[in-house]
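Structural overview
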Amino acid sequence: MPRPALYSSSRHARPQPAAVPVADAAAPLPAASATPASVSTPPAAISKHSLRALWTAIVVLTALLLTSLWLHQRPAARKLTQDDIDAAVLRTLETNTLPSAAARAVETVAPSVVRVVGYSGSKTGSKEVGRSVGTGVVIVDKGIILTNLHVVQGAERITITFHDGLETTASVTGMQPENDLAVLQAHKVPDDLQAAALRSTQDLRPGDQVVAIGFPFGIGPSASAGVVSGLKREFTSPEGKQQMSNLVQFDAAANSGNSGGPLVTMDGEVVGIVTAILNPTPARTFIGIGFAVPIENAASAVGMSPF
């Protein structure tokens, strides 16, 4: 049904007396009109939803204003200076024990160093006699290894033990007798085998620090640090059977079993293959003079020139 019209609470609005102009004060009043005065409607009330939205907008604007003021008043971050960097480095050095250069060199090349054992002669029970122990270094990650020829010469069987403990047999694939070098091919290799980095001896100088790594007397892998004592040295074997030249002389400790091992710079790069020690006494132990074949000669033994 039709919605009734909304009226004010009074039945008839009382007409307001019209203002009488001063000039017409004496004029007679007009007769009262029989038509009732027009009805006025109050303004619609603001809904709760609109009021909530209004307050939300006010709060958001206030928060943005406060954030802007805070960002502008916050002091700018101080610039990092060289003094700050120096102080941080100094504090690190004072509070942390860093590994030595020799330790870093050994850690770099150790995965490429192998134990080489040559067996010859007959068996006594379960043991093979005529065993010679030496060292080798992986120069190609397919299992190509450099060692000394005198370690494996005449051996009927050669075994290789890698850094991860894997033991396998190997074959001699190349020789360089004038430099007492042999090239071995391992029959099995670890999945993650690493080849050593090689470095030319052209920029090597007496006094440069080096590390010799190997299995002296079968113990190892063992490392000893020293310096390059000289270049282009000559050496004659105690038996007088072989004379070698263009050798690197060093004073890092080396003994029987170090033969074939790498001579390494502080960057962990191989500059030579340890091949002999000088000792005029029958003891044949180290007295401070060792010799290594330059890596250029050693690399040519496998037909490669990395420089």
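Residues numbered from 1 in each chain as written. Predicted model: local features only at pLDDT ≥ 70, side-chain atom pairs only at ≥ 80, totals over all residues. Heavy atoms only, no water.

1. A few points about the overall build of the protein
A count of helices and strands for the protein gives 5 helices and 15 strands. Looking at the 307 residues of the protein, the share that counts as buried comes to 33%. Residue pairs in contact within the protein that sit at least 24 positions apart in sequence constitute 59% of those at least 6 positions apart. When the accessible area of the protein is evaluated, it comes to approximately 19900 Å², of which 57% is carbon and sulfur surface. (Helix = DSSP H or I, 4+ residues; strand = E, 2+ residues; numbered from the N terminus. Buried < 20%, exposed > 50% of the residue type's maximum accessible area, 1.4 Å probe, protein only. Contact = heavy atoms within 4.5 Å. Areas by Shrake-Rupley, 256 points an atom, 1.4 Å probe, with all protein chains shown as cover.)

2. Focus: the environment of A103
When you line up the elements, A103 lands in helix 3 (residues 101-109). Exposure remark for A103: the relative accessible area of 36% places this residue in the partly exposed category. Considering only alpha carbons, one finds A103 and A225, 122 residues apart in sequence, at a separation of 9.4 Å.

3. Here's the deal with the sheet that holds strand 5 (residues 144-148)
Strands sit in the order 1-4-5-8-7-6 around a closed barrel of 6 strands; the barrel is antiparallel. Each adjacent strand pair in this sheet contributes to an overall mean axis angle of 40 degrees, direction not counted. The sheet contact formed by strand 6 (residues 157-161) and strand 7 (residues 167-176) spans 4 bridges and is antiparallel. Across the sheet, residue I160 finds its bridge partner in strand 7, namely T168. (Pairing = 2+ DSSP bridges. Axes fitted to C-alpha atoms, helices over the stretch in contact; angles between N-to-C directions.)

4. Some thoughts on the layout of surface pockets
Space inside the largest pocket adds up to approximately 600 Å³. As for the largest pocket, its lining consists of 26 residues, and the residues nearest its centre are H150, D180, S259, T275 and R284. Elements that contribute at least two residues to the lining of the largest pocket include exactly strand 4 (132-140), helix 4 (149-152) and strand 14 (269-277). No other element matches the 4 residues that strand 14 contributes to the lining of the largest pocket. (1 Å grid on protein atoms, 1.4 Å probe; cavity = no way out; pocket = protein on both sides within 12 Å on 5 of 7 lines; lining within 4 Å. Points joined across faces, edges and corners; volume = space filled by probe spheres on them.)

5. Overview of unusual backbone geometry
A cis amide bond links G220 to the next residue, P221, at an omega of 10 degrees. Relative to the elements of secondary structure, P221 occurs in the loop between strand 10 (209-214) and strand 11 (222-236). One non-glycine residue, D180, lies in positive phi territory at about 55 degrees. Mapped onto the elements of the fold, D180 is located in the loop between strand 7 and strand 8 (181-186). Judged by relative accessible area, which is 6%, D180 ranks as buried. The phi dihedral of F217 falls on the positive side, at around 55 degrees, and the residue is not glycine. Tracing the backbone through its elements, the reader meets F217 in the loop between strand 10 and strand 11. Looking at F217, the relative accessible area reads 58%, which means it is exposed.

6. Considerations on the nonpolar core
In this structure, V109, V137, L146, V270 and I273 are the most contacted members of the largest nonpolar core, which totals 25 residues. Among the secondary structure elements, those contributing two or more residues to this core are helix 3, strand 4, strand 8, strand 10, strand 12 (243-250), strand 14, strand 15 (290-294) and helix 5 (295-300). Counting residues per element, this core draws most heavily on strand 14, at 3 residues. If you look at the next biggest cluster of nonpolar residues, it comprises 15 residues, including V151, I158, A182 and L184. (Core = buried A, V, L, I, M, F, W, Y, C linked by side-chain atoms within 4.5 Å.)

7. Some words on the environment of N148
By secondary structure assignment, the location of N148 is in strand 5. Considered as a pair, N148 and G261 are 113 residues apart in the sequence and their alpha carbons are 8.3 Å apart. Apart from the residues lying within four places of it in its own chain, the contact partners of N148 are D180, L181, A182, S259, G260, I273, V274 and T275. Side chain to side chain, N148 and T275 meet in a polar contact 3.3 Å long. (Polar contact = N/O pair within 3.5 Å; in protein donor to acceptor, adjacent residues only side chain to side chain.)

8. Comments concerning the pairing of strand 12
Pairing of strand 11 with strand 12, which is carried by 5 bridges, proceeds in the antiparallel orientation. Each residue of the ladder has a partner; that of G230, found in strand 12, is Q249. Note: strand 12 against strand 15, 3 bridges, orientation antiparallel. Considered in strand 15, the bridge of V248 is made with A292.

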